[in-house]
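Listed here are the chains, written in short residue letters.
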Amino acid sequence: MKTKIHLSSTRERWTLSLTAVALLVFFIFCVNQLNLETGKFFQRFWEAGAVIQRFFSLNFSDTTSILQELFTSICMAIAGLAIGFILSLIFSFLGASNTAPHKFCSVLIKSFIGIIRAVPALVWILIVVASLGFGNTAGVVGLVFPTTGYLTKSFMSSIEEQDPAILETMRSTGANWFQTITEGLLPGLVTPFLSWTSIRLESNIAESISLGMVGAGGIGMLLVKAIGKYDYPMISTIILFIFVTMITVELLIGRIKKSLR
């Protein structure tokens with residue numbers, strides 16, 4: 001059995017070398033533009049040990065409140081995911097190039113989703129908090145925007161990767177647009193849709209925690225209070241609960257995905 005081994009040509013080696021040099025120069029330029037205080041960093045770095053030691057103690061006196069707020073954050077993440085999932089299903093089939101009723105509709109939805117994705121989740125939640133005030137409602141609404149942007153983009157990619165023969169076969173039998181989607185495409189899209197949704201669930205839980213730090217409710221608000229009081233044992237305890245929760249969610253999602261294969 002003969003195996004061909006590709007050897008880099010002189011041109012490819014020169015291209016690779018020039019690319020590496022260009023990236024290095026660009027990195028140095030970026031560092032200079034940031035005016036990083038490297039001297040101050042290394043000076044404070046050796047003092048970090050004294051601060052880190054304070055995090056090695058835990059405080060379980062307020063476990064009930066931590067669990068309640070953590071449950072609130074998870075509920076916000078799931079609620080935002082559910083609403084975003086429904087909106088994404090609608091937008092994705094109307095926006096995918098191979099299923100859009102009209103090309104203009106596809107361009108319009110892709111542009112709209114591009115705008116949503118361009119704005120960070122933290123900015124969305126700040127806008128919502130300014131409009132609706134602090135609380136869980138702002139957290140759920142704030143999560144709907146990034147969830148819809150992420151899932152719609154992912155769903156459209158999966159739809160556009162489907163075999164064109166499926167659409168041609170369905171249309172040749174006289175199926176309408178809705179029947180083409182539900183009976184032709186959806187059976188083959190269940191697995192990728194669930195995969196994208198499970199990934200987004202993990203992100204939603206993480207974002208619901210961070211969004212709580214700006215007034216959206218949940219465990220993030222407790223974490224902000226602990227940080228404001230320099231209560232290191234409470235900070236460590238909250239972080240520990242968050243870590244255990246994220247690991248548990250990841251394991252559960254992995255188990256569910258395996259059962260669906």
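Data block above holds the structure.
Residues numbered from 1 in each chain as written. Predicted model: local features only at pLDDT ≥ 70, side-chain atom pairs only at ≥ 80, totals over all residues. Heavy atoms only, no water.

With that out of the way, let us pick up the overall build of the protein. When helices and strands are tallied, the protein shows 11 helices and zero strands. The helix and strand sequence of the protein, counted from the amino end, reads α-α-α-α-α-α-α-α-α-α-α. The C-alpha radius of gyration of the protein comes to 24 Å, more than 25% above the 18 Å expected for a compact globule of 261 residues. Considered along the principal axes of its C-alpha atoms, the protein spans approximately 70 × 60 × 45 Å. (Helix = DSSP H or I, 4+ residues; strand = E, 2+ residues; numbered from the N terminus. Rg over C-alpha atoms; globule rule 2.2 N^0.38 Å.)

Bringing the pattern of salt bridges into the picture now. Evaluated as defined, the whole model comprises two salt bridges. Residue Glu 160 pairs with Lys 110 through a salt bridge whose shortest N-O separation is 2.9 Å. With Glu 160 in helix α7 (residues 136-160) and Lys 110 in helix α5 (residues 103-118), this residue pair connects regions lying 50 residues apart in the sequence. Judged by relative accessible area, Glu 160 falls into the partly exposed class, the value being 32%. We classify Lys 110 as partly exposed; its relative accessible area is 36%. Across the pair Arg 200 and Glu 207 runs a salt bridge whose closest N-O atoms are separated by 2.9 Å. Taking relative accessible area as the criterion, Arg 200 reaches 6% and is therefore assigned buried. (Salt bridge = Lys/Arg side-chain N within 4 Å of Asp/Glu carboxyl O. Buried < 20%, exposed > 50% of the residue type's maximum accessible area, 1.4 Å probe, protein only.)

Another point: α5. When the terminal C-alpha atoms of α5 are compared, their 22 Å separation across 16 residues agrees well with the 22 Å that a helix rising 1.5 Å per residue should span. Among all positions in α5, only Ser 106, Ile 109, Ile 113 and Ile 116 are buried. For α5, the buried positions fall inside an angular range of 95° around the axis, keeping them on one side. The outward face of α5, more than 90 degrees from its buried face, is lined by the exposed residues Lys 103, Phe 104, Leu 108, Ile 115 and Ala 118. Check the buried side of α5 and you find it contacts α4 (63-95), α6 (121-132) and α7. (Expected span 1.5 Å × (residues − 1). Arc of directions from axis to C-beta. Contact = heavy atoms within 4.5 Å.)

For the pair α4 and α5, interaxial distance at closest approach is 8 Å and the crossing angle is 135°. Classed by the angle they form, the pair α4 and α5 counts as oblique. Contact with α4, carried on its side by Phe 91, Leu 94 and Gly 95, involves Cys 105, Ser 106, Ile 109, Lys 110, Phe 112 and Ile 113 of α5 and no other residues of that element. Looking at the contact of α4 with α5 residue by residue, the classes come out as six nonpolar, two polar and one charged. (Axes fitted to C-alpha atoms, helices over the stretch in contact; angles between N-to-C directions. Parallel < 35°, antiparallel > 145°, perpendicular 65-115°, else oblique. Nonpolar A, V, L, I, M, F, W, Y, C, P; charged D, E, K, R; others polar.)

Glancing now at the environment of Leu 67. Take Leu 67: it is sitting in helix α4. In sequence terms Leu 67 and Glu 160 are 93 residues apart; their C-alpha atoms lie 42 Å from each other.

Before going further, it helps to examine the packing of aromatic side chains. With the rule as written, the count across this model stands at seven aromatic pairs. Ring centres of Phe 60 and Phe 241 lie 6.4 Å apart, and the angle between their planes is 65°; on these two criteria the pair is classed as edge-to-face. Residue Phe 60 is located in the loop between α3 (48-53) and α4, and its partner Phe 241 is located in helix α11 (residues 232-260); the two are separated by 181 residues in the primary sequence. Between Phe 155 and Phe 193, the aromatic rings sit 4.0 Å apart at their centres with planes inclined by 20°, giving stacked as the arrangement. Within this pair, whereas Phe 155 is found in helix α7, its partner Phe 193 is found in helix α9 (residues 177-216), the two being separated by 38 residues in sequence. Across the pair, exposure class does not vary: Phe 155 and Phe 193 are buried alike. What links up through ring pairs into an aromatic cluster is the set Phe 85, Phe 93, Phe 155 and Phe 193. (Phe/Tyr/Trp six-rings, centres within 6.5 Å; stacked < 30°, edge-to-face > 60°.)

Another aspect to go through is unusual backbone geometry. You will see that Tyr 230, though not glycine, has its phi angle at about 55°, which is positive. By the element assignment, Tyr 230 lies in the loop between α10 (219-228) and α11. Residue classification places Tyr 230 among the exposed positions, given a relative accessible area of 61%.

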